[in-house]
Amino acid sequence: MFVGREKELAMMRQQYQLPENGIVILYGREGIGKTSFIKRFVEDKPFVYYQAREWSEAEQNRCFAEKKEELLTELAQTDKKVCFIVDEFDLMQKGYKNFFADFTQYVKSFQKGRVFLILSSSSVQWVENTMVEDMGELAANINAFIKLKEFTFMEMVDRFPNSSTEECIIIYGIFGGVPAYLDLWNPKETVRKNIIRNILDKRGAMYKEAGRFLRTSLRELPYYNTILSVLAEDEPKLNYLYNRTGFSRAKISVYIKNLIQIDVAAKIFSYETAKKANIQKGLYGITDAFLQFYYKLIYPYLSELQIMEPEEFYAKYMKKQLDEVMEKAYIKVCKEFMELMNRFDRLPSKFGNFGSLYGKSGFIPLIAGNDKGELLIGSCKWSNRPMGMQEFEQLLKDMEQTGKEADYYYLFSKEGFTTELAAMAQNMNNIQCIDMEQM
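What comes next concerns the included structure. (Residues numbered from 1 in each chain as written. Predicted model: local features only at pLDDT ≥ 70, side-chain atom pairs only at ≥ 80, totals over all residues. Heavy atoms only, no water.)

**What to know about the packing of helix α8 (residues 165-175) against helix α18 (residues 322-343)**
The contact between α8 and α18 brings their axes to 9 Å, and the two run at 110°. Here α8 lies roughly perpendicular to α18, going by the angle between them. Considering only the axes of α8 and α18, their crossing is right-handed. The residues of α18 that touch α8, namely those facing I169, I170, Y172, G173 and I174, are V325, M326, A329, Y330, K332, V333 and E336. Taken together, the residues of the contact of α8 with α18 break down into nine nonpolar, one polar and two charged. (Axes fitted to C-alpha atoms, helices over the stretch in contact; angles between N-to-C directions. Helix = DSSP H or I, 4+ residues; strand = E, 2+ residues; numbered from the N terminus. Parallel < 35°, antiparallel > 145°, perpendicular 65-115°, else oblique. Left-handed = near helix turned anticlockwise from the far one by under 90°. Contact = heavy atoms within 4.5 Å. Nonpolar A, V, L, I, M, F, W, Y, C, P; charged D, E, K, R; others polar.)

Rendered as structure tokens:
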């Protein structure tokens, strides 16, 4: 099912309307939906599609020549601009060192305004670091770069119209917004069955996916496995990574930089308040949902997974820890919800970007300020128990480290709220209790 990507489609249509030929670079991690996106874009346009492969120069030229002929045929049959797509075009230069030089001459032969060239790649690091240099003269003809990223939660839920909000958050917490992963989820099965079938069963499509995906972009996998395992424990500082792994700080910095480059990790910046000394700095975390899930719940117990039945492994090692992973996803979803509320003026005032406060004496999942100096904070509870006064009082205590009081409170809870907390919120106009049905 194709959903979302409206902004990116609009950008492609805008480029297509330009009078010159031009080139658009479409890129994003493997499985992000580039080919599906291309198919949607060209569904009402004449096009020629070529899937690049790692071939010798002679074989590449032989197969590519067929597509060149096909392009000539399309141009002869229509007055419209023809889309010429080379998918995974970075593979063309492997075994064919002069590809870009030869391709540049070919592009120069196009009649003005007749060809819309789309070059697609899954190699994010190559596109962002060395592609322009490798392309040489051809790079001067690039009109736009379009990077496809993971679906947001609001885009992802459209793929599961019959699933509850809670079910969608669980799917999002395991597979994130990667379309190729989401295609594997069967909404008619339980969470347990989906995890076992896709991830824990040795025949499952995701059983070896973490290592396979990392190998497409990274070398020295033992080091990355170690770092990701530590990152999955929490959001550690560089010094903790140094003490925990035994790697040098310089080596850790390089490895984390590479993980950030492929969009699976990030340096975490806390929301800053007047008391900056109370804020934790230099934190790092995993941003890829599946890798967070895998390195938190599976990788530490691979020995047990090899000798236990998947059902037994799930019951012993995953069931109890699943909520911890889901709470991270829930916070992300709540943050997206608040940003949408803010965008459509559904909050008491217009606020800036929503972040989290990583304090030395407490964590606040949601926090944002406005031009009036007001603060909005929020708490997110993913538990089988309703949120009560104890959690609200803890939020107030965590707020003390900022040296300010919050002006507005937004409380999110999977299982709703205790009678006492709900009654208090009802009598105060600056406290909002939001359960699953309201999201």
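**Some details on the sheet that holds strand β11 (residues 408-413)**
Pairing within the open sheet is mixed, and its five strands lie in the order β8-β9-β10-β11-β12. At either margin of the open sheet sits one strand with a lone partner, and together these are β8 (355-359) and β12 (431-434). Neighbour-to-neighbour, the strand axes of the sheet open up by a mean angle of 30°, direction not taken into account. Bridge analysis of β11 against β12 gives four bridges, and the strand direction is parallel. Bridge assignment links Y409 to a residue of β12, and that residue is I431. Lying on the sheet, helix α19 (residues 389-399) is in contact with β9 (362-369), β10 (375-381), β11 and β12; it crosses β10 at an angle near 135°. (Pairing = 2+ DSSP bridges.)

**Examining the pattern of salt bridges**
With the rule as written, the count across this model stands at 22 salt bridges. The shortest N-O distance in the salt bridge between E272 and K276 comes to 3.8 Å. For K381, the salt bridge is made with E391, and the minimal N-O distance between the two is 2.6 Å. Taken together, the residues K381 in strand β10 and E391 in helix α19 connect sequence positions ten residues apart. Linked by salt bridges that have partners in common, R29, E150 and D288 make up one network. (Salt bridge = Lys/Arg side-chain N within 4 Å of Asp/Glu carboxyl O.)

**A few points about the packing of aromatic side chains**
A full pass over the atoms with the stated rule returns 36 aromatic pairs. For the pair Y16 and F116, a centre-to-centre distance of 5.5 Å together with 85° between the ring planes defines the contact as edge-to-face. Taken together, the residues Y16 in helix α1 (residues 6-17) and F116 in strand β4 (residues 115-121) connect sequence positions 100 residues apart. A relative accessible area of 1% places F116 in the buried class. On the numbers, 5.9 Å between centres and 55° between planes, the contact of F41 with F116 is tilted. (Phe/Tyr/Trp six-rings, centres within 6.5 Å; stacked < 30°, edge-to-face > 60°. Buried < 20%, exposed > 50% of the residue type's maximum accessible area, 1.4 Å probe, protein only.)

**Concerning the sheet that holds strand β1 (residues 23-27)**
With parallel pairing, five strands are arranged side by side in an open sheet as β2-β3-β4-β1-β5. Each having just a single partner strand, β2 (47-51) and β5 (142-147) make up the two edges of the open sheet. Neighbour-to-neighbour, the strand axes of the sheet open up by a mean angle of 15°, direction not taken into account. Bridge count for β1 against β5 is five bridges, and the pairing is parallel. By the bridge assignment, Y27 is partnered in β5 with K147.

**Considering the pairing of β11**
Of all six residues in β11, six are buried; the element is thus mostly enclosed. Of the two faces of β11, both are covered, the one formed by Y408, Y410 and F412 as well as the one formed by Y409, L411 and S413. Inspection of the sheet shows β10 paired to β11 by six bridges, in the parallel sense. Paired with S379 across the two strands is L411, which belongs to β11. Taking the sense of rotation as the criterion, the β-α-β connection linking β10, α19 and β11 turns out right-handed. With helix α20 (residues 419-426) bridging β11 and the parallel β12, this β-α-β connection has right-handed handedness. (Right-handed = clockwise from strand over helix to strand, strands pointing away.)

Nothing here speaks to function; it is all geometry.
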